[in-house]
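# Structural features, examined
What follows is the residue order along each chain.
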Amino acid sequence: MTGGGLREMLLEFQGYVLAYRLRAAVGGRVRPPGEPLSLACYAARRLERQALARNLVRGGLDAQQVQRLDALTGELMFGFWLNPAEVAAFLRAALRQGGHAALGDPDAFAALLSDSERARLGELGVRLVCAHHLTCLSLAAPLLDPDALAGVWQRVEATTPPLFVDELALAGQV
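To keep things clear, this report deals only with the structure shown in the data block. (Residues numbered from 1 in each chain as written. Predicted model: local features only at pLDDT ≥ 70, side-chain atom pairs only at ≥ 80, totals over all residues. Heavy atoms only, no water.)

### Describing the pattern of salt bridges
This is how the line gets drawn: Salt bridges, as used here, are contacts in which a Lys or Arg side-chain nitrogen is within 4 Å of a carboxyl oxygen on Asp or Glu. Secondary structure is summarised from DSSP: a helix means a run of H or I of at least four residues, a strand means a run of E of at least two, and numbering begins at the N terminus for each. Type-normalised accessible area, obtained with a 1.4 Å probe on protein chains alone, sets the label of each residue: buried when under 20%, exposed when over 50%, and partly exposed for intermediate values.
Counted under the stated rule, the structure contains eight salt bridges. Note that Glu117 and Arg21 form a salt bridge whose closest N and O atoms lie 2.6 Å from each other. Taken together, the positions of Glu117 in helix 6 (residues 115-137) and Arg21 in helix 1 (residues 3-26) put the pair 96 residues apart, joining distant regions of the chain. For Glu117, a relative accessible area of 0% puts it in the buried group. Here Glu75 and Arg45 are joined by a salt bridge, their closest N and O atoms 3.1 Å apart. A residue pair is termed long-range when its members are at least 10 positions apart, and Glu75 in helix 3 (residues 63-76) and Arg45 in helix 2 (residues 39-59) qualify at 30 residues. The exposure class assigned to Glu75 is partly exposed, which follows from its relative accessible area of 29%.

So this is what it looks like as structure tokens:
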């Protein structure tokens, strides 16, 4: 695997961790069940999901396999930050139950980060992480306006955060 591919996979896990934290902070119906997955457990489930998706494309899946693929997609929160439909569904559910400051306030979003993550990132890095993820949440707004959606995608890509979550530091990846 290339360094770029590994970085993308670690960023995907990091996105999972932050989505988990945000959903847990919002609580209610959007709270993820159970404890957050470790990097190793996430990787194993991600490989299982990838194999099922590959099999779906190649020849189809039976109903039980499709259910497993859907369950893994939900558990991994696969595409949570970059899928406008997923973001919109999450925001609708979060707002129905009263919302949370982290859905729009950079300081409240920064509170989702651990002290060691904030220290590792520094002030500028924390601002970048918050800007990136809050911009991702704005993907839901322009679903019907392709020009606006293109502008949001440009902002998302311009704010890709570095690797920083504690789980990756403990695994020696940061």
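### Side note on the environment of Val26
Definition in use: Any two residues whose heavy atoms approach within 4.5 Å are treated as being in contact.
Inspection of the secondary structure assignment puts Val26 in helix 1. Residue Val26 is classed as buried on the basis of its relative accessible area of 12%. Here the alpha-carbon distance between Val26 and Ala93, two residues 67 residues apart in the chain, equals 9.8 Å. When near neighbours in sequence (up to four residues on either side) are disregarded, Val26 contacts Phe90, Ala94, Gln97, His100 and Leu103.

### Section: the packing of aromatic side chains
The test is simple: Ring pairs shown here join Phe, Tyr and Trp side chains whose ring centres sit within 6.5 Å, with only the six-membered ring taken for Trp; geometry is labelled stacked below 30 degrees between planes, edge-to-face above 60, and tilted in between. Charges are assigned to positions over rings by a cutoff of 6 Å between ring centre and Lys NZ or Arg CZ, combined with an angular limit of 35 degrees from the ring normal.
This model, assessed by the stated rule, comprises seven aromatic pairs. Relative to Tyr42, the ring of Phe13 lies with its centre 5.3 Å away and its plane at 70°, an arrangement referred to as edge-to-face. Note that Phe13 is positioned in helix 1 and Tyr42 in helix 2, a separation of 29 residues in sequence. By relative accessible area, Phe13 is classed as buried at 0%. With relative accessibility at 3%, the residue Tyr42 sits in the buried group. Where Phe80 meets Trp81, the ring centres are 4.9 Å apart and the plane angle is 85°; that geometry is what we call edge-to-face. Three or more aromatic residues link up through ring pairs in this structure, and these residues are Phe13, Tyr16, Tyr20 and Tyr42. Of note, Arg49 hangs over the ring of Phe78, and the distance from its end group to the ring centre comes to 3.8 Å.

### Regarding unusual backbone geometry
With the exception of glycine, most residues fall at negative phi, and the peptide bonds are largely trans. Non-glycine residue Met77 carries a positive phi angle of around 50°. Note on Met77: relative accessible area 6%, which makes it buried.

### Some thoughts on helix 3
Filter applied, for reference: The span expected for a helix works out to 1.5 Å for each residue beyond the first. Here the arc refers to the directions that run from the helix axis out to each C-beta atom. For the purposes of these results, a polar contact is taken to be a pair of N or O atoms within 3.5 Å, where, inside protein, one atom must be able to donate a hydrogen and its partner to accept one; residues adjacent in sequence count only when each atom of the pair is a side-chain atom.
For helix 3, built from 14 residues, the straight-helix expectation of 20 Å at 1.5 Å per residue is met to within 8% by its first-to-last C-alpha distance of 20 Å. For helix 3, every residue scored as buried is listed here: Leu69, Leu72 and Leu76. On an axial view of helix 3, the arc spanned by its buried residues comes to 65°, and they lie on one face. In helix 3, those exposed residues whose orientation departs by more than 90 degrees from the buried face are Ala63, Gln64, Gln67 and Asp70. The opening residue of helix 3 is Asp62, an N-cap whose side-chain oxygen sits 3.1 Å from the backbone nitrogen of Gln64.

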